[in-house]
Amino acid sequence: MSSHGHFHWNELMTRDVEKAKKFYADTLGWTYEGMPMPDGTYWLASAEGETVAGIFDISGAEYQGVDESWMPYIAVDDVDARLRNAVQAGAKLMKGPFDVPGVGRFAVLTEPAAPASVG
């Protein structure tokens, strides 16, 4: 686990998972392992045997208007407390907080200077 305030994970949100997997395999040598999820497969990308990122399919209707992009995750010492602080400081809560079994607690937000998402 990364320490508080450090980037912990990166996730590619894309509408064409196979194209993205091919691109990163061809350019960086990444390999993939599928992780079945209730609404599809989450892909774990590895480089030289180390898991380095995830690839998330946003082609479903519920993601209409969500931009394809890399989404970084930052580790914090207390998700709920840090979320309250961030919202008070002007962040916008997009999703959560929620728990992912075996992984941890998450919230998705935009910081005040981020451009607004369409949708």
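Residues numbered from 1 in each chain as written. Predicted model: local features only at pLDDT ≥ 70, side-chain atom pairs only at ≥ 80, totals over all residues. Heavy atoms only, no water.

1. With respect to the side chain of Ser 46
The test is simple: A run of DSSP states H or I qualifies as a helix once it reaches four residues; a run of E qualifies as a strand once it reaches two. Both are numbered from the N-terminal end. Any pair of residues with heavy atoms lying within 4.5 Å of one another is described as a contacting pair.
Turning to its location among the elements, Ser 46 is positioned in strand E3 (residues 40-47). What Ser 46 contacts, discounting residues up to four positions off in sequence, is Gly 29, Trp 30, Thr 31, Thr 51 and Val 52.

2. Focus: the pairing of strand E4 (residues 50-57)
Operational definition: A pair of strands is labelled paired if DSSP reports no fewer than 2 bridges between them.
With 4 bridges connecting them, strand E1 (residues 7-14) and E4 associate as parallel partners. The residue bridging Met 13 from the neighbouring strand is Phe 56, located in E4. Bridging between E3 and E4 involves 5 bridges; their strand directions are antiparallel. Bridged to Ala 45 within E4 is Ala 53. Counted between consecutive antiparallel strands, the loop separating E3 from E4 contains 2 residues, among which Glu 48 sits at a positive phi close to 50°.

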